[in-house]
Amino acid sequence: MARLIRVFEYEKITIHSKCSDGKELGESVINKLWDYNDKNNNIYFDGIRNGVKFKHYVGVIQIGNITIEILPKADKQKGSEDDKKFWHDILLKMLAKCKKVKVDSVSEASLRKRYYSLLDLYFEMFIKEVDYLLEHGLIKKYRKNSSNLNTLKGRLNFGKNIQKNHIHKERFFTIHQVYDYDHLLNQILYKALLVLKTITNNTSLSDSIIRTLGNFPEVREKNINKTHFEALVANRKSTKYDEAIKISKMILLNYSPDIKGGSENMLALLFDMNKLWEEFVYRILAKHQDDKLKVKFQNSDKFWENKHIKPDIVLTKTNDDGDKETFIIDTKWKVIDPKKPGDDDLKQMFAYNMYWQASKSMLLYPSSNPEPTSYGLFHKGRDGENKCKLGFIKVMKGKELNLDIGEEILNLLEINSKIII
(Lines give C-alpha, C1' and ligand atoms only; values in the text may rest on other atoms or scores of the structure.)
Protein backbone atom coordinates (compact mmCIF):
# COMPACT_ATOMS: atom_id res chain seq x y z
CA MET A 1 0.00 0.00 0.00
CA ALA A 2 1.33 3.44 -0.96
CA ARG A 3 2.14 5.85 1.86
CA LEU A 4 2.46 9.64 1.48
CA ILE A 5 4.13 12.34 3.55
CA ARG A 6 4.11 16.02 2.52
CA VAL A 7 6.45 18.64 3.92
CA PHE A 8 7.49 22.18 3.04
CA GLU A 9 10.99 23.27 2.04
CA TYR A 10 13.29 23.83 5.04
CA GLU A 11 11.15 21.53 7.22
CA LYS A 12 12.47 18.44 8.98
CA ILE A 13 11.43 14.80 8.94
CA THR A 14 12.69 12.06 11.26
CA ILE A 15 12.22 8.33 11.71
CA HIS A 16 9.21 9.23 13.88
CA SER A 17 7.43 11.44 11.30
CA LYS A 18 3.98 10.09 10.44
CA CYS A 19 2.86 9.08 6.94
CA SER A 20 -0.70 9.25 5.59
CA ASP A 21 -1.48 5.84 7.13
CA GLY A 22 -0.46 7.04 10.60
CA LYS A 23 2.65 4.86 10.71
CA GLU A 24 6.13 6.22 11.38
CA LEU A 25 8.52 6.84 8.50
CA GLY A 26 11.13 4.44 9.86
CA GLU A 27 14.91 4.16 9.98
CA SER A 28 15.44 2.52 6.56
CA VAL A 29 13.88 5.48 4.72
CA ILE A 30 16.08 8.02 6.52
CA ASN A 31 19.17 5.89 5.82
CA LYS A 32 18.26 5.82 2.12
CA LEU A 33 17.89 9.63 2.12
CA TRP A 34 21.29 10.03 3.77
CA ASP A 35 22.90 7.73 1.19
CA TYR A 36 21.27 9.59 -1.69
CA ASN A 37 22.34 12.97 -0.33
CA ASP A 38 25.93 11.75 0.18
CA LYS A 39 26.09 10.66 -3.47
CA ASN A 40 24.93 14.16 -4.54
CA ASN A 41 27.38 16.24 -2.48
CA ASN A 42 24.74 16.93 0.20
CA ILE A 43 22.98 19.55 -1.95
CA TYR A 44 19.38 18.47 -1.28
CA PHE A 45 19.13 18.46 2.52
CA ASP A 46 21.09 18.49 5.77
CA GLY A 47 21.44 15.43 7.92
CA ILE A 48 20.13 15.86 11.48
CA ARG A 49 19.75 13.43 14.40
CA ASN A 50 17.46 10.61 13.20
CA GLY A 51 16.35 12.59 10.16
CA VAL A 52 16.94 15.27 7.54
CA LYS A 53 16.20 18.96 7.11
CA PHE A 54 15.26 19.91 3.56
CA LYS A 55 16.78 22.86 1.70
CA HIS A 56 15.48 24.85 -1.30
CA TYR A 57 14.83 21.83 -3.51
CA VAL A 58 11.20 20.86 -4.09
CA GLY A 59 9.59 17.91 -5.82
CA VAL A 60 9.10 14.27 -4.95
CA ILE A 61 11.08 11.32 -3.61
CA GLN A 62 9.79 7.76 -3.71
CA ILE A 63 11.44 5.11 -1.55
CA GLY A 64 9.77 1.72 -1.77
CA ASN A 65 6.08 2.32 -1.06
CA ILE A 66 6.70 5.71 0.60
CA THR A 67 6.34 8.97 -1.31
CA ILE A 68 7.79 12.19 0.13
CA GLU A 69 6.63 15.45 -1.46
CA ILE A 70 8.67 18.59 -0.70
CA LEU A 71 6.57 21.66 -1.44
CA PRO A 72 7.40 25.37 -1.87
CA LYS A 73 6.00 28.02 0.44
CA ALA A 74 5.91 31.83 0.21
CA ASP A 75 5.09 32.66 3.82
CA LYS A 76 6.23 31.69 7.32
CA GLN A 77 2.91 30.39 8.60
CA LYS A 78 2.77 26.76 9.67
CA GLY A 79 1.00 24.81 6.94
CA SER A 80 -2.10 22.69 7.44
CA GLU A 81 -2.93 19.68 5.26
CA ASP A 82 -5.17 21.94 3.14
CA ASP A 83 -2.27 24.37 2.81
CA LYS A 84 -0.04 21.51 1.63
CA LYS A 85 -2.61 20.43 -0.95
CA PHE A 86 -2.82 24.04 -2.16
CA TRP A 87 0.97 24.35 -2.57
CA HIS A 88 1.08 20.93 -4.24
CA ASP A 89 -1.25 22.36 -6.91
CA ILE A 90 0.74 25.62 -7.16
CA LEU A 91 3.98 23.67 -7.68
CA LEU A 92 2.35 21.56 -10.40
CA LYS A 93 1.15 24.68 -12.22
CA MET A 94 4.56 26.35 -11.96
CA LEU A 95 6.19 23.23 -13.41
CA ALA A 96 3.66 23.31 -16.24
CA LYS A 97 4.31 27.00 -16.95
CA CYS A 98 8.08 26.33 -17.02
CA LYS A 99 7.60 23.40 -19.43
CA LYS A 100 8.80 20.87 -16.85
CA VAL A 101 5.45 19.16 -17.33
CA LYS A 102 3.83 18.97 -20.75
CA VAL A 103 0.52 20.46 -19.68
CA ASP A 104 -0.69 23.59 -21.43
CA SER A 105 -3.32 24.28 -18.82
CA VAL A 106 -3.48 22.31 -15.58
CA SER A 107 -7.16 22.45 -14.69
CA GLU A 108 -8.81 21.86 -11.34
CA ALA A 109 -10.37 18.71 -12.81
CA SER A 110 -6.97 17.24 -13.62
CA LEU A 111 -5.66 18.19 -10.18
CA ARG A 112 -8.54 16.28 -8.57
CA LYS A 113 -7.71 13.23 -10.65
CA ARG A 114 -6.29 10.05 -9.16
CA TYR A 115 -2.69 11.32 -9.02
CA TYR A 116 -1.22 10.19 -5.76
CA SER A 117 1.85 12.34 -6.21
CA LEU A 118 3.77 14.43 -8.72
CA LEU A 119 5.55 11.25 -9.75
CA ASP A 120 2.27 9.67 -10.82
CA LEU A 121 1.68 12.64 -13.11
CA TYR A 122 5.09 12.23 -14.75
CA PHE A 123 4.59 8.48 -15.07
CA GLU A 124 1.22 8.90 -16.76
CA MET A 125 2.62 11.54 -19.12
CA PHE A 126 5.42 9.15 -20.06
CA ILE A 127 3.07 6.24 -20.73
CA LYS A 128 0.88 8.46 -22.93
CA GLU A 129 3.93 9.62 -24.90
CA VAL A 130 5.11 6.04 -25.46
CA ASP A 131 1.60 4.89 -26.42
CA TYR A 132 1.46 7.74 -28.94
CA LEU A 133 4.76 6.62 -30.45
CA LEU A 134 3.56 3.01 -30.63
CA GLU A 135 0.33 4.07 -32.28
CA HIS A 136 2.09 6.21 -34.91
CA GLY A 137 5.01 3.85 -35.39
CA LEU A 138 8.36 3.60 -33.63
CA ILE A 139 11.45 4.37 -35.68
CA LYS A 140 13.40 1.50 -37.24
CA LYS A 141 17.13 1.78 -37.90
CA TYR A 142 19.89 -0.21 -39.55
CA ARG A 143 22.38 -1.85 -37.20
CA LYS A 144 25.21 -4.33 -37.52
CA ASN A 145 24.49 -7.83 -36.27
CA SER A 146 26.82 -10.78 -35.81
CA SER A 147 25.32 -14.27 -35.76
CA ASN A 148 25.79 -17.86 -36.82
CA LEU A 149 23.50 -18.56 -39.79
CA ASN A 150 22.62 -21.45 -42.09
CA THR A 151 23.04 -19.15 -45.09
CA LEU A 152 25.79 -16.72 -46.04
CA LYS A 153 24.41 -13.23 -45.39
CA GLY A 154 26.49 -10.07 -45.37
CA ARG A 155 30.21 -10.41 -44.65
CA LEU A 156 31.86 -13.56 -43.30
CA ASN A 157 33.74 -13.14 -40.01
CA PHE A 158 36.61 -15.53 -40.77
CA GLY A 159 38.03 -15.69 -37.24
CA LYS A 160 34.70 -16.40 -35.56
CA ASN A 161 33.66 -18.75 -38.37
CA ILE A 162 36.74 -20.95 -37.87
CA GLN A 163 36.24 -20.86 -34.10
CA LYS A 164 32.51 -21.64 -34.14
CA ASN A 165 32.06 -23.75 -37.27
CA HIS A 166 35.12 -26.00 -37.39
CA ILE A 167 32.82 -29.00 -37.33
CA HIS A 168 29.60 -27.50 -38.72
CA LYS A 169 30.77 -26.55 -42.18
CA GLU A 170 27.21 -25.85 -43.27
CA ARG A 171 27.00 -22.77 -41.01
CA PHE A 172 28.40 -19.24 -41.49
CA PHE A 173 29.34 -16.72 -38.81
CA THR A 174 28.56 -13.42 -40.50
CA ILE A 175 28.39 -9.68 -39.91
CA HIS A 176 25.30 -8.27 -41.60
CA GLN A 177 22.87 -5.37 -41.38
CA VAL A 178 19.49 -5.66 -39.69
CA TYR A 179 16.67 -3.13 -40.04
CA ASP A 180 14.63 -3.25 -36.84
CA TYR A 181 13.54 -1.45 -33.65
CA ASP A 182 16.55 -2.43 -31.54
CA HIS A 183 18.38 0.89 -31.27
CA LEU A 184 19.21 3.40 -28.52
CA LEU A 185 16.05 5.53 -28.66
CA ASN A 186 13.77 2.53 -28.19
CA GLN A 187 16.13 0.89 -25.69
CA ILE A 188 15.88 4.00 -23.48
CA LEU A 189 12.07 3.95 -23.58
CA TYR A 190 12.01 0.22 -22.87
CA LYS A 191 14.33 0.54 -19.87
CA ALA A 192 12.27 3.44 -18.45
CA LEU A 193 9.09 1.32 -18.75
CA LEU A 194 10.78 -1.54 -16.89
CA VAL A 195 11.88 0.84 -14.11
CA LEU A 196 8.34 2.24 -13.79
CA LYS A 197 6.94 -1.28 -13.60
CA THR A 198 9.29 -1.92 -10.68
CA ILE A 199 8.63 1.22 -8.66
CA THR A 200 5.07 2.44 -9.25
CA ASN A 201 2.65 2.09 -6.33
CA ASN A 202 -0.36 3.13 -8.39
CA THR A 203 -2.46 0.12 -9.48
CA SER A 204 -4.02 1.93 -12.44
CA LEU A 205 -0.61 3.06 -13.72
CA SER A 206 0.82 -0.41 -13.18
CA ASP A 207 -1.89 -1.86 -15.45
CA SER A 208 -1.14 0.80 -18.10
CA ILE A 209 2.60 0.04 -17.98
CA ILE A 210 1.99 -3.70 -18.45
CA ARG A 211 -0.25 -3.01 -21.47
CA THR A 212 2.34 -0.66 -23.00
CA LEU A 213 5.13 -3.19 -22.46
CA GLY A 214 2.96 -5.82 -24.12
CA ASN A 215 2.73 -3.64 -27.24
CA PHE A 216 6.44 -2.78 -27.27
CA PRO A 217 8.60 -4.52 -29.89
CA GLU A 218 11.49 -6.77 -28.88
CA VAL A 219 14.57 -4.73 -27.97
CA ARG A 220 17.56 -5.45 -25.77
CA GLU A 221 17.48 -4.31 -22.16
CA LYS A 222 20.45 -2.02 -21.47
CA ASN A 223 21.62 -0.29 -18.32
CA ILE A 224 21.17 3.33 -19.41
CA ASN A 225 23.36 6.11 -18.03
CA LYS A 226 24.21 9.73 -18.80
CA THR A 227 26.55 8.85 -21.69
CA HIS A 228 23.72 7.15 -23.58
CA PHE A 229 21.66 10.34 -23.56
CA GLU A 230 24.71 12.35 -24.64
CA ALA A 231 25.17 9.95 -27.58
CA LEU A 232 21.71 10.70 -28.99
CA VAL A 233 21.75 12.66 -32.26
CA ALA A 234 18.62 14.70 -32.97
CA ASN A 235 17.14 14.66 -36.46
CA ARG A 236 13.82 15.27 -38.14
CA LYS A 237 12.65 11.69 -37.64
CA SER A 238 13.42 11.57 -33.92
CA THR A 239 11.63 14.84 -33.04
CA LYS A 240 8.49 12.95 -32.03
CA TYR A 241 10.54 11.17 -29.34
CA ASP A 242 11.63 14.41 -27.63
CA GLU A 243 9.11 14.49 -24.77
CA ALA A 244 9.31 10.77 -24.02
CA ILE A 245 13.11 10.88 -23.99
CA LYS A 246 13.08 13.94 -21.71
CA ILE A 247 10.93 12.13 -19.14
CA SER A 248 12.98 8.92 -19.59
CA LYS A 249 16.10 10.90 -18.73
CA MET A 250 14.51 12.26 -15.55
CA ILE A 251 13.45 8.75 -14.54
CA LEU A 252 16.59 6.78 -15.40
CA LEU A 253 19.21 9.27 -14.18
CA ASN A 254 17.42 9.75 -10.87
CA TYR A 255 16.63 6.10 -10.19
CA SER A 256 18.59 4.35 -7.43
CA PRO A 257 17.82 0.63 -7.29
CA ASP A 258 18.31 -1.18 -3.99
CA ILE A 259 21.59 -3.03 -4.53
CA LYS A 260 20.62 -5.46 -1.76
CA GLY A 261 17.61 -6.57 -3.80
CA GLY A 262 15.09 -5.36 -1.23
CA SER A 263 12.00 -3.21 -1.64
CA GLU A 264 13.65 0.17 -1.06
CA ASN A 265 14.20 1.23 -4.69
CA MET A 266 14.37 5.01 -4.90
CA LEU A 267 13.45 7.65 -7.45
CA ALA A 268 13.84 11.38 -6.84
CA LEU A 269 12.68 14.27 -9.04
CA LEU A 270 13.84 17.46 -7.34
CA PHE A 271 13.88 21.04 -8.63
CA ASP A 272 15.90 23.98 -7.38
CA MET A 273 13.13 26.36 -6.29
CA ASN A 274 15.31 29.42 -6.91
CA LYS A 275 15.78 28.40 -10.55
CA LEU A 276 12.13 27.44 -10.96
CA TRP A 277 11.02 30.83 -9.60
CA GLU A 278 13.51 32.61 -11.86
CA GLU A 279 12.28 30.78 -14.96
CA PHE A 280 8.62 31.27 -14.02
CA VAL A 281 9.10 35.04 -13.66
CA TYR A 282 10.96 35.18 -16.98
CA ARG A 283 8.30 33.24 -18.91
CA ILE A 284 5.56 35.52 -17.60
CA LEU A 285 7.56 38.68 -18.35
CA ALA A 286 8.46 37.45 -21.84
CA LYS A 287 4.79 37.74 -22.82
CA HIS A 288 5.05 41.50 -22.31
CA GLN A 289 7.73 41.97 -24.95
CA ASP A 290 6.97 44.35 -27.78
CA ASP A 291 8.91 46.62 -30.14
CA LYS A 292 10.06 48.77 -27.23
CA LEU A 293 10.54 46.24 -24.44
CA LYS A 294 12.95 43.30 -24.61
CA VAL A 295 13.39 40.66 -21.91
CA LYS A 296 16.56 38.54 -21.73
CA PHE A 297 17.11 35.48 -19.57
CA GLN A 298 20.30 33.98 -18.06
CA ASN A 299 22.63 36.82 -19.00
CA SER A 300 26.35 36.52 -18.38
CA ASP A 301 29.53 38.63 -18.59
CA LYS A 302 33.14 38.13 -17.53
CA PHE A 303 33.77 39.38 -14.00
CA TRP A 304 37.20 38.36 -12.67
CA GLU A 305 39.61 35.90 -14.28
CA ASN A 306 37.44 32.90 -15.23
CA LYS A 307 34.51 33.98 -13.06
CA HIS A 308 31.31 35.36 -14.60
CA ILE A 309 28.58 37.65 -13.32
CA LYS A 310 25.04 36.49 -14.08
CA PRO A 311 21.90 38.53 -13.38
CA ASP A 312 18.68 36.55 -13.75
CA ILE A 313 16.68 38.87 -16.02
CA VAL A 314 17.64 41.98 -17.99
CA LEU A 315 14.96 44.26 -19.44
CA THR A 316 15.74 46.90 -22.06
CA LYS A 317 13.18 49.66 -22.65
CA THR A 318 13.41 51.93 -25.71
CA ASN A 319 11.87 55.29 -24.93
CA ASP A 320 9.96 57.47 -27.40
CA ASP A 321 13.09 59.56 -28.06
CA GLY A 322 15.06 56.43 -28.98
CA ASP A 323 17.12 56.30 -25.77
CA LYS A 324 17.42 52.92 -24.11
CA GLU A 325 17.05 52.21 -20.41
CA THR A 326 18.16 48.96 -18.75
CA PHE A 327 16.58 47.30 -15.71
CA ILE A 328 17.95 44.31 -13.78
CA ILE A 329 15.84 41.76 -11.89
CA ASP A 330 17.34 39.16 -9.59
CA THR A 331 14.77 36.69 -8.28
CA LYS A 332 15.08 35.30 -4.77
CA TRP A 333 12.82 32.51 -3.54
CA LYS A 334 12.89 33.25 0.18
CA VAL A 335 10.89 35.10 2.80
CA ILE A 336 12.68 38.16 4.23
CA ASP A 337 12.02 41.26 6.27
CA PRO A 338 11.26 44.03 3.72
CA LYS A 339 13.27 46.47 5.82
CA LYS A 340 16.37 44.25 6.07
CA PRO A 341 17.75 43.19 2.69
CA GLY A 342 20.93 41.13 2.78
CA ASP A 343 24.22 43.01 2.34
CA ASP A 344 25.48 40.41 -0.14
CA ASP A 345 22.33 40.76 -2.25
CA LEU A 346 22.67 44.54 -2.38
CA LYS A 347 26.35 44.33 -3.32
CA GLN A 348 25.40 41.90 -6.07
CA MET A 349 22.82 44.34 -7.46
CA PHE A 350 25.35 47.18 -7.30
CA ALA A 351 27.70 45.13 -9.50
CA TYR A 352 24.86 44.35 -11.95
CA ASN A 353 24.01 48.04 -12.26
CA MET A 354 27.64 48.83 -13.03
CA TYR A 355 28.17 46.07 -15.58
CA TRP A 356 24.91 46.51 -17.48
CA GLN A 357 24.79 50.31 -17.15
CA ALA A 358 21.42 50.02 -15.42
CA SER A 359 20.00 52.94 -13.50
CA LYS A 360 17.48 50.76 -11.66
CA SER A 361 17.46 47.18 -10.40
CA MET A 362 15.21 45.07 -8.22
CA LEU A 363 15.49 42.10 -5.89
CA LEU A 364 12.23 40.20 -6.42
CA TYR A 365 10.74 38.02 -3.68
CA PRO A 366 7.51 36.02 -3.31
CA SER A 367 5.10 37.13 -0.62
CA SER A 368 1.63 36.23 0.58
CA ASN A 369 1.12 39.82 1.74
CA PRO A 370 3.22 42.22 -0.40
CA GLU A 371 4.17 45.57 1.06
CA PRO A 372 4.86 48.66 -1.12
CA THR A 373 8.52 49.60 -1.36
CA SER A 374 10.52 52.40 -2.92
CA TYR A 375 13.91 52.65 -4.58
CA GLY A 376 16.98 53.06 -2.41
CA LEU A 377 20.03 54.96 -3.66
CA PHE A 378 23.53 53.55 -4.13
CA HIS A 379 25.78 56.44 -3.07
CA LYS A 380 28.60 55.75 -5.51
CA GLY A 381 29.33 53.92 -8.70
CA ARG A 382 27.97 55.54 -11.85
CA ASP A 383 26.88 58.87 -13.26
CA GLY A 384 23.18 59.56 -13.06
CA GLU A 385 20.73 57.35 -11.18
CA ASN A 386 22.00 54.24 -9.45
CA LYS A 387 19.11 52.68 -7.57
CA CYS A 388 17.83 49.36 -6.29
CA LYS A 389 14.61 48.29 -4.62
CA LEU A 390 13.04 45.25 -3.07
CA GLY A 391 9.95 43.98 -4.84
CA PHE A 392 7.33 41.61 -3.44
CA ILE A 393 4.63 39.84 -5.45
CA LYS A 394 1.99 37.24 -4.73
CA VAL A 395 2.61 33.82 -6.25
CA MET A 396 -1.08 33.01 -6.11
CA LYS A 397 -4.28 34.91 -6.74
CA GLY A 398 -6.99 33.35 -4.63
CA LYS A 399 -6.57 29.62 -5.23
CA GLU A 400 -4.89 30.04 -8.61
CA LEU A 401 -1.37 30.74 -9.78
CA ASN A 402 -0.95 34.48 -10.23
CA LEU A 403 -0.45 34.95 -13.97
CA ASP A 404 -0.65 38.75 -13.66
CA ILE A 405 2.77 39.05 -12.04
CA GLY A 406 4.29 40.37 -15.28
CA GLU A 407 2.12 43.48 -15.13
CA GLU A 408 2.80 43.81 -11.40
CA ILE A 409 6.58 43.55 -11.88
CA LEU A 410 6.58 46.18 -14.63
CA ASN A 411 4.60 48.46 -12.33
CA LEU A 412 7.13 47.90 -9.54
CA LEU A 413 9.92 48.86 -11.96
CA GLU A 414 7.79 51.78 -13.19
CA ILE A 415 7.80 50.49 -16.77
CA ASN A 416 4.71 50.81 -18.90
CA SER A 417 4.09 48.08 -21.47
CA LYS A 418 1.34 46.12 -23.11
CA ILE A 419 1.01 42.35 -23.09
CA ILE A 420 1.49 40.46 -26.35
CA ILE A 421 -0.78 37.41 -26.59
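Residues numbered from 1 in each chain as written. Predicted model: local features only at pLDDT ≥ 70, side-chain atom pairs only at ≥ 80, totals over all residues. Heavy atoms only, no water.

### Quick notes on the pairing of strand β11 (residues 266-272)
Next up, step 1: The buried count for β11 comes to 7 of 7 residues, which makes it a mostly enclosed element.
Next up, step 2: Of the two faces of β11, the one carrying Met 266, Ala 268, Leu 270 and Asp 272 and the one carrying Leu 267, Leu 269 and Phe 271 are both buried.
Next up, step 3: Pairing analysis gives 7 bridges linking strand β5 (residues 57-63) to β11, with the strands arranged antiparallel. Directly across from Val 60, in β11, lies its bridge partner Leu 269. (Buried < 20%, exposed > 50% of the residue type's maximum accessible area, 1.4 Å probe, protein only. Helix = DSSP H or I, 4+ residues; strand = E, 2+ residues; numbered from the N terminus. Pairing = 2+ DSSP bridges.)

### Observations concerning the side chain of Thr 326
Next up, step 1: Looking at the element boundaries, Thr 326 is found in strand β16 (residues 324-331).
Next up, step 2: Overall, the relative accessible area of 14% leaves Thr 326 in the buried class.
Next up, step 3: Excluding residues within four positions of it along the chain, Thr 326 makes contact with Val 314, Leu 315, Thr 316, Trp 356, Gln 357, Ala 358, Ser 359 and Lys 360. (Contact = heavy atoms within 4.5 Å.)

### Digging into helix α12 (residues 405-413)
Think of an α-helix as turning once every 3.6 residues; residues three or four places apart then point the same way.
Next up, step 1: Residues of α12 that are buried: Ile 405, Gly 406, Ile 409, Leu 410, Leu 412 and Leu 413. Mapping the buried residues of α12 onto a view down its axis gives an arc of 155°, with all of them on the same face.
Next up, step 2: Check the buried side of α12 and you find it contacts α10 (273-286), β12 (293-297), β15 (313-318), β16, β17 (360-366) and β19 (387-393).
Next up, step 3: The positive-phi residue at the C-terminal boundary of α12 is Glu 414, with phi of around 65°. (Arc of directions from axis to C-beta.)

### Side note on the packing of helix α4 (residues 118-136) against helix α6 (residues 184-199)
Next up, step 1: Taken N-terminus to C-terminus, the directions of α4 and α6 make an angle of 140°; their axes are 11 Å apart at the nearest point. Taken together, the axes of α4 and α6 are oblique relative to one another. Between α4 and α6 lies a crossing whose hand is left-handed. On α6, the residues that touch Phe 123, Phe 126, Val 130 and Leu 133 of α4 are Leu 189, Ala 192, Leu 193, Leu 196 and Ile 199.
Next up, step 2: Across the contact of α4 with α6, the residue classes break down as 9 nonpolar, no polar and no charged. (Axes fitted to C-alpha atoms, helices over the stretch in contact; angles between N-to-C directions. Parallel < 35°, antiparallel > 145°, perpendicular 65-115°, else oblique. Left-handed = near helix turned anticlockwise from the far one by under 90°. Nonpolar A, V, L, I, M, F, W, Y, C, P; charged D, E, K, R; others polar.)

### What to know about the sheet that holds strand β1 (residues 3-8)
Next up, step 1: With respect to topology, 5 strands assemble into an open sheet ordered β1-β6-β5-β11-β10, the strand pairing being mixed. Edge positions in the open sheet fall to β1 and β10 (255-256), since each of these has one partner strand only.
Next up, step 2: Here β5 pairs with strand β6 (residues 66-71) via 5 bridges, running antiparallel. Bridging from a neighbouring strand, Ile 61 pairs with Ile 68 of β6.
Next up, step 3: In the packing of α4 onto the sheet, contacts are made with β5, β6 and β11, and the angle to β11 comes to roughly 100°.

### Brief notes about unusual backbone geometry
Next up, step 1: In this structure, Gln 298 is a non-glycine residue whose phi angle is positive, near 55°.
Next up, step 2: Residue placement: Gln 298 occurs in the loop between β12 and β13 (301-304).
Next up, step 3: Looking at Gln 298, the relative accessible area reads 57%, which means it is exposed.
Next up, step 4: We note that Gln 357 has phi near 50°; this positive angle belongs to a residue other than glycine.
Next up, step 5: Tracing the chain through its elements places Gln 357 in the loop between α11 (343-355) and β17.

### What about the packing of aromatic side chains?
Next up, step 1: The final tally for this structure, using the stated rule, is 13 aromatic pairs.
Next up, step 2: Geometrically, the ring pair formed by Trp 277 and Phe 280 is stacked, given 6.2 Å between the ring centres and 25° between the ring planes. Here Trp 277 and its partner Phe 280 are both found in helix α10, 3 residues apart, which amounts to about one turn of the helix.
Next up, step 3: On the basis of relative accessible area, Trp 277 is assigned to the buried category, the value being 0%.
Next up, step 4: In this structure Phe 280 comes out as buried when scored by relative accessible area, which is 0%. (Phe/Tyr/Trp six-rings, centres within 6.5 Å; stacked < 30°, edge-to-face > 60°.)

### Some remarks on the layout of surface pockets
Next up, step 1: Considered as a void within the structure, the largest pocket measures approximately 830 Å³ in volume.
Next up, step 2: In terms of lining residues, the largest pocket is bounded by 25 residues, among which Tyr 44, Met 250, Asn 254, Leu 270 and Phe 271 are the most central.
Next up, step 3: It is β11 that contributes the most residues to the lining of the largest pocket, 5 residues altogether.
Next up, step 4: When its residues are assigned to classes, the lining of the largest pocket shows 12 nonpolar, 4 polar and 9 charged. (1 Å grid on protein atoms, 1.4 Å probe; cavity = no way out; pocket = protein on both sides within 12 Å on 5 of 7 lines; lining within 4 Å. Points joined across faces, edges and corners; volume = space filled by probe spheres on them.)

### Details of the pattern of salt bridges
Next up, step 1: According to the stated counting rule, one finds 20 salt bridges in the structure shown.
Next up, step 2: Among the salt bridges present, the one from Lys 84 reaches Glu 81, with a minimum N-O distance of 3.5 Å. On the criterion of helical spacing, the pair formed by Lys 84 and Glu 81 is a turn pair, its members being 3 residues apart in helix α2 (residues 81-97).
Next up, step 3: Judged by its relative accessible area of 11%, Lys 84 is buried.
Next up, step 4: A relative accessible area of 55% places Glu 81 in the exposed class.
Next up, step 5: Its salt-bridge partner being Lys 387, residue Glu 385 comes within 3.3 Å of it at the nearest N-O pair.
Next up, step 6: Judged by its relative accessible area of 23%, Lys 387 is partly exposed.
Next up, step 7: Members of the salt-bridge network, linked through shared partners, are Asp 330, Lys 332, Lys 334 and Asp 345. (Salt bridge = Lys/Arg side-chain N within 4 Å of Asp/Glu carboxyl O.)

### A closer look at α10
Next up, step 1: In a regular helix each residue adds 1.5 Å, so 14 residues correspond to 20 Å; α10 covers 20 Å between its end C-alpha atoms and thus fits that length.
Next up, step 2: Within the span of α10, buried status applies to Met 273, Leu 276, Trp 277, Glu 278, Glu 279, Phe 280, Val 281, Ile 284 and Leu 285.
Next up, step 3: The opening residue of α10 is Asp 272, an N-cap whose side-chain oxygen sits 2.9 Å from the backbone nitrogen of Asn 274. (Expected span 1.5 Å × (residues − 1). Polar contact = N/O pair within 3.5 Å; in protein donor to acceptor, adjacent residues only side chain to side chain.)

Take it as geometry only, folks, not as evidence of what the structure does.
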